[in-house]
Structures are given as structure tokens and as C-alpha cells.
Amino acid sequence: MAEEANKQPEQKPAAQPADDMPDWSAYRGVLVYIEHRDGVAKSVSWQLLGQGKKLADKLEVDLMALVIGDNVKHLAEEAIAYGANRVFLFDAKELKSYRTRPYSRASMKVIHEIKPEIVLFGATATGRDLAGAIATHLPTGLTADTTELDVEPHPSRLLLASRPAFSEKMMATILCKQYRPQMATARAGVFEALPRDPNRQGEIVQFEFAMNESEIAAKVLDFIQDQSKINIEEAEIIVAGGRGLGGPEPFKMLKELADELGGVVGASRAAVDAGWIKHEHQVGQTGYTVRPKLYFAIGISGAVQHLVGMQNSGIIVAINRDPDAPIFKAAHYGIVGDLFQIVPAITEEVRKRRGLSFLQEETAAAKSTTNEEGGIRV
Ligand SMILES: Cc1cc2nc3c(=O)[nH]c(=O)nc-3n(C[C@H](O)[C@H](O)[C@H](O)COP(=O)(O)OP(=O)(O)OC[C@H]3O[C@@H](n4cnc5c(N)ncnc54)[C@H](O)[C@@H]3O)c2cc1C
């Protein structure tokens, strides 16, 4: 396994360029930008490595990662654990916080030297900014906010970057024939990360960062996290409510359950459009695409535009009084009944069980103390 990951994949003979395409045989490999904040990676980066691996396998090339920051070697190691064969690392104090100029300079240096055929970024605020800056400088084509990524195999090797278009009414597949690399930003939650394997082997290539602080116009004075904002894309548990809640008030009931479980509240568009809850909670085609471990769909019918945003969740629990609601087709567990009775009952049960597990932990702690002190078994 380890050796296999290190081995350079056999390159096919240079692509026969299609009639209307230049010869791009100097460009090979898939590169994924690993986004982080203060050394903590965004899960979209691992998801993109997962998808990048599929593309790289189909093209029979390396999957590579790009890590830029200060004290971020651990992220390069993580990138290997999540599937990268080679990681390019810039580690310098000037790169502590994201700033367009130094980050795009560093990225372009790698792109010029490595010549990847595909470069992928998360469609986050940072990913969009960085990818946009790089694509304009190179220059090359960039498809933003994609939800499907595939490749045509040899000889065309074209990236098929698809995204909803025209107010989400159709899917557009966008090709970049005349420039390299082919670049795309992709939505969080759409693609699946590979299982983390700390034994996976790969190569870390350190790059020197050759810019002085005096050459960087933007200064970061402080980073103030908006505590009121939720981060639904990174949440492991989401308790989502829809029109079935009947108003803004019952969202408090959902918040109680979410708090008990350590999750966040999500919503359907119907609830958001009614003004019951803010758009940052909206899950679906025109909201966020999420991939939590556990997703509660409460009073949500399961319209296709909602399903596309949450159908990849680990476990889906639906609560709806209509047994024919389409959400039950997507759900792993379904409860047919009145949400106003069911949700408080679940919250109560979670509280009870958490209380019990807390007691169990205490008992276990007491046991070990007693054993240590007096050897008495409880
Ligand atoms: C271009 C476009 C983009 C869209 N984007 C999105 C999107 O991003 N996200 C999204 O969610 N939608 C989106 N929609 C809207 C989508 O089509 C649906 O209208 C919406 O998802 C419906 O929301 P809902 O399930 O909350 O409401 P409804 O479909 O009205 O369902 C409410 C459900 O609650 C149940 N219910 C009612 N009372 C109770 C009770 N007391 N106990 C238990 N169950 C109860 C009902 O049986 C029903 O199934 C989009 C639509 C379009 C055209």
C-alpha cells in the first residue's frame, strides 16, 4: 500500500490533442488546495481530495495537495492520510492568515513548476477569492461553485465541471479547452472524503516563500469570529425544520434538541422564505449542501431541492405526520406523527441518556479511585 502510493503512476503516451485543442501533454496531475483556519482544515478540502482521487485514477496521474500557512506541516501529513501522493508546502510566518497576494503568488509558483492539469478549491469565501485571483493571473478558465466533477479519459482529459445555472433551473457542464490548468471551486458537502489512513505514504515537498512583509499591501489586524453565525457546512449533527413547524417559535424546540446533541439548526427554504429563520440555516439547492453524521428532517416534506442538499448525510431521521411524504424515501429512520409531541420526547430521552452516561462516567471514575486506593470492587 505504502509503496504503491509512492510509485509514480505510469504515464500514457502524450495525449493526441483533439482538433480544436492545443497539445496539453506537459500538464499532468490533479492538485487540491487545502484550506484551513489557524491550522484547522476545512472538511471540504478532504472531500475534494476524495473526489480528486477519482479524477486522478481515471487520468492515471498523481493526486497532489497544496498547503499554505504558518506551522502547517501537520496539514501536509493529513493531506497524505486523506489520499494525496505529493504535497507542496509553504510554511512561513507571513502566511499565517489568508491574504490574496501572498497566497496566490505561492499557488502560482507551484502551478508554474508542477503544471497540474486540474486544480480544485473549496467554494468558500477564501477558495473563491484565491481561485479567482490565480485564474486571472495565469490566465486560465475557472468554473465556480461546482456540484459535479468528472473527467473525460485520455486523450481529451477534459474536466467536466458541472454546476446549477439560470437560477438553479438547469445544470451546466463547463469545459476549458484552450487553457491549462483547468480550475474549479466546489461546494462543501457534495463529495465524499476517503477514510483517513495515517499509514498512507506520500512525499512532502517544501517550497521557499520569497516575499517580504513589506511587499504585501494587506495587513490583518485581527480576526473577529461572528459568534452569532452558525457553520452548518462543518456541523456533524443538524436538526432541521420545515413548514410543518408552522411558525418561528417552534424552532426554539429544535434548538433545544440541537444543543443537547451538540449540533446546529437547519431549515427548508419554505421556513426561510416565511421569515421564520435566517438563510444561513437553509439546506438545499439554493442553500447549503451538508453532509453531517446525523440529520433530522422535522416537518419537511422532502422536495427534491431540499434532498439534494442533505441526501449524503450519514443517518437521516425524518419526522412527519404524512406517511407518504417523500422524505421517508431518503430517511434511514422515520417517525410518522406530530412533531410537537415527538421532538420534545426525543430531547427528553437524550437528556435522560446523557444524564445516565454522565452518571456511568462518574461511577467508572469512582470505581477506579476506589480500586486504586483500597482495592475494593464496587
Ligand atoms: C429553484 C428552486 C430552488 C429551491 N431551493 C430549495 C432549497 O435550497 N431548500 C429547500 O428546502 N427547498 C428549496 N426549494 C423549495 C422546495 O421545492 C420546497 O418547496 C420546500 O423544500 C418545501 O419545504 P418544506 O418541506 O418545509 O414544506 P412543505 O413541502 O410544505 O412540507 C411540510 C411538511 O410538514 C409536515 N407537517 C405539517 N405539520 C406537521 C406536524 N405537526 N408534525 C409533523 N409533520 C408535519 C407535512 O406533512 C409536510 O410534509 C426550491 C425550489 C425551487 C423551485
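Residues numbered from 1 in each chain as written. Predicted model: local features only at pLDDT ≥ 70, side-chain atom pairs only at ≥ 80, totals over all residues. Heavy atoms only, no water.

1. So, the site of the ligand
Argument step 1. Around the ligand sit 26 residues in total, of which R243, S268, T286, S301 and N320 are the nearest.
Argument step 2. Here a nitrogen atom of the ligand sits 2.6 Å away from a polar atom, N or O, in the side chain of T286.
Argument step 3. Between the ligand and S301, the relevant distance is 2.6 Å, taken from an oxygen atom to a side-chain nitrogen or oxygen of the residue.
Argument step 4. Here the ligand has 990 Å² of accessible area as a free molecule, and 79% of this is covered by the chains.
Argument step 5. Those elements that provide at least two residues to the shell around the ligand are α7 (269-273), α8 (304-310) and α10 (339-374). (Near = heavy atom within 4 Å. Polar contact = N/O pair within 3.5 Å; in protein donor to acceptor, adjacent residues only side chain to side chain. Areas by Shrake-Rupley, 256 points an atom, 1.4 Å probe, with all protein chains shown as cover. Helix = DSSP H or I, 4+ residues; strand = E, 2+ residues; numbered from the N terminus.)

2. A look at the environment of D322
Argument step 1. Looking at the element boundaries, D322 is found in the loop between β16 (315-320) and α9 (327-330).
Argument step 2. Through-space distance from the C-alpha of D322 to that of G299 is 9.2 Å; in sequence the pair is 23 residues apart.
Argument step 3. Here the side chain of D322 touches D324 through a polar contact of 2.8 Å, landing on its backbone nitrogen.

3. Let's talk about the side chain of E94
Argument step 1. Mapped onto the elements of the fold, E94 is located in the loop between β5 (86-91) and α4 (100-114).
Argument step 2. A residue is classified by how much of its surface remains accessible, and E94, at 16% relative accessible area, is buried.
Argument step 3. Leaving out residues up to four positions away in the same chain, E94 has contacts with R99, F209, M211, E213 and I216. (Buried < 20%, exposed > 50% of the residue type's maximum accessible area, 1.4 Å probe, protein only. Contact = heavy atoms within 4.5 Å.)

4. Regarding the sheet that holds strand β12 (residues 203-207)
Argument step 1. The strand order β7-β11-β6-β1-β4-β5-β12 describes an open sheet built from seven strands, whose pairing is parallel. Looking at strand neighbours, the two that pair on one side only are β7 (142-146) and β12, the edges of this open sheet. Put simply, the sheet's adjacent strands are angled 20° from each other on average, direction ignored.
Argument step 2. Here strand β1 (residues 30-34) runs beside strand β6 (residues 118-122); their pairing, made up of three bridges, is parallel. (Pairing = 2+ DSSP bridges. Axes fitted to C-alpha atoms, helices over the stretch in contact; angles between N-to-C directions.)

5. Digging into the pairing of strand β14 (residues 264-267)
Argument step 1. Of the two faces of β14, the one carrying V264 and G266 and the one carrying V265 and A267 are both buried.
Argument step 2. In this structure, strand β13 (residues 237-241) lies alongside β14, joined through four bridges in parallel fashion. Within the sheet, the bridge partner assigned to A240 lies in β14 and is G266.
Argument step 3. Between β13 and its parallel partner β14, the chain crosses via helix α6 (residues 251-261), and the hand of that crossover is right-handed. (Right-handed = clockwise from strand over helix to strand, strands pointing away.)

6. Some remarks on the environment of K177
Argument step 1. Looking at the secondary structure, you find K177 in the loop between β10 (170-174) and β11 (182-186).
Argument step 2. Setting aside residues up to four positions removed in sequence, K177 forms contacts with D20, M21, P22, W24 and L158.

7. Some thoughts on α4
Argument step 1. In this model, α4 (15 residues) spans 21 Å end to end at C-alpha, consistent with the 21 Å of a helix rising 1.5 Å per residue.
Argument step 2. Considered for burial, the residues of α4 that qualify are P102, Y103, S104, A106, S107, M108, V110 and I111.
Argument step 3. K115, located one to two residues past α4, shows a positive phi value of around 55°. (Expected span 1.5 Å × (residues − 1).)

8. So, the sheet that holds strand β17 (residues 333-336)
Argument step 1. Strand order in this open sheet of five strands is β14-β13-β15-β16-β17, and the pairing throughout is parallel. Edge positions in the open sheet fall to β14 and β17, since each of these has one partner strand only. Pairs of neighbouring strands in the sheet enclose a mean axial angle of 20°, with direction left out of account.
Argument step 2. Here four bridges tie β16 to β17, and the two strands are oriented parallel to one another. When the sheet's bridge partners are listed, I319 is paired in β17 with I335.
Argument step 3. Running at roughly 170° to β13, α6 makes contact with β13, β14 and β15 (294-298) of the sheet.

Structural measurements only, silent on function.
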